[in-house]
Amino acid sequence: MSSSDGSAMPTRRQVIGAAGAVACGAALAGCAAGAPGPAVVPPGVKGQVVAKVADVPVGGGMVLTKWKIVIAQPTAGVFKAFSASCPHRGCAVSRPAEGVIRCPCHGSEFDAVSGKCLKGPAEAPLAEFALKVEGDGIVMV
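Below or above, wherever it landed, is the structure these notes cover. The model shown is predicted, which means the values in this text are computed figures rather than measured ones.

**Structural notes on the nonpolar core**
Core analysis: the largest hydrophobic core is formed by 15 residues, its most contacted members being Val45, Val50, Ile69, Ile71, Ala81, Ile138 and Met140. Those elements giving two or more residues to this core turn out to be strand 1 (49–52), strand 3 (69–75), strand 4 (78–83) and strand 10 (137–140). If sequence neighbours within four positions are ignored, Ala81 has contacts with Ile69, Val70, Ile71, Ala127, Glu128, Phe129, Leu131 and Met140. Ala72, Val93, Ile101 and Cys117 belong to the second-largest nonpolar core, a separate cluster that totals 14 residues.

**Describing the sheet that holds strand 10**
Reading across the sheet, the three strands line up as 1-10-9 and stay open at both edges, with antiparallel pairing between neighbours. At either end of the open sheet lies a strand with only one pairing partner, and these are strand 1 and strand 9 (131–134). With strand direction ignored, the average angle separating the axes of adjacent strands in the sheet is 30°. Pairing of strand 1 with strand 10 involves three bridges; the strand directions are antiparallel. The residue bridging Ala51 from the neighbouring strand is Ile138, located in strand 10.

**Describing the pattern of salt bridges**
The tally for this structure, following the rule as stated, stands at four salt bridges. The salt bridge partner of Lys80 is Glu128, with a shortest N-O separation of 3.7 Å. With Lys80 in strand 4 and Glu128 in strand 8 (residues 128–129), the pair connects residues that are 48 residues apart, well separated along the chain. By relative accessible area, Lys80 is classed as partly exposed at 22%. Put simply, Glu109 and Arg102 hold a salt bridge, and the shortest N to O gap is 3.4 Å.

What counts and what doesn't
- Counting starts from 1 at the beginning of each chain's written sequence and moves along it residue by residue.
- Local features in a predicted model are, by the rule used here, given only for residues with pLDDT of at least 70; side-chain atom pairs are given and counted only at 80 or more, and totals for whole chains, interfaces and linings are based on all residues.
- Side-chain numbers come from the whole structure's heavy atoms, not from hydrogens or water.
- Residues enter a nonpolar core if they are buried and are Ala, Val, Leu, Ile, Met, Phe, Trp, Tyr or Cys, with the set joined through side-chain atoms within 4.5 Å.
- Throughout this description, buried means an accessible area under 20% of the type-specific maximum (1.4 Å probe, protein chains only), exposed means over 50%, and partly exposed covers the range between.
- Working definition: helices are DSSP H or I runs of at least four residues, strands are E runs of at least two. Numbering for both runs from the N terminus.
- A contact between two residues is defined here by any heavy atoms of the two lying within 4.5 Å.
- Pairing between strands is defined by DSSP: at least two bridges between the two strands are required.
- Axis lines are fitted through C-alpha atoms, for helices just across the contact stretch, and the angle between N-to-C directions can take any value from 0 to 180 degrees.
- The salt bridge definition used is simple: a Lys or Arg side-chain nitrogen within 4 Å of an Asp or Glu carboxyl oxygen.

These values are about where atoms sit, not about what they do.
Encoded structure:
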């Protein structure tokens, strides 16, 4: 087949094949295995006191919706911070309870100590943020 200017036109099979190759490449890129890149602290929160130690219960935690961060205190004096966005579809996770952070949208569950995915459909862990305790405040590093 050729166009009116004499150049060759791709066949229907070539167009469909090329579209399929592009779609497969995009799908594979989205499913790449491996550890997630370093977590980037949301703008405006680095160096800020985001919660009081007394407000984060041992064995539980809280969600800071303003910055989309979940803070857990799995054991007394140990504080962890993670992204509050589920890696499956971006839904907001709920506050930690009984050592687990749950996503109410599709049922994914994450370990409150490591952020590791315990139950899907999510496959990736929650991104972890560094924090430190200064006096009675929890500060994002």
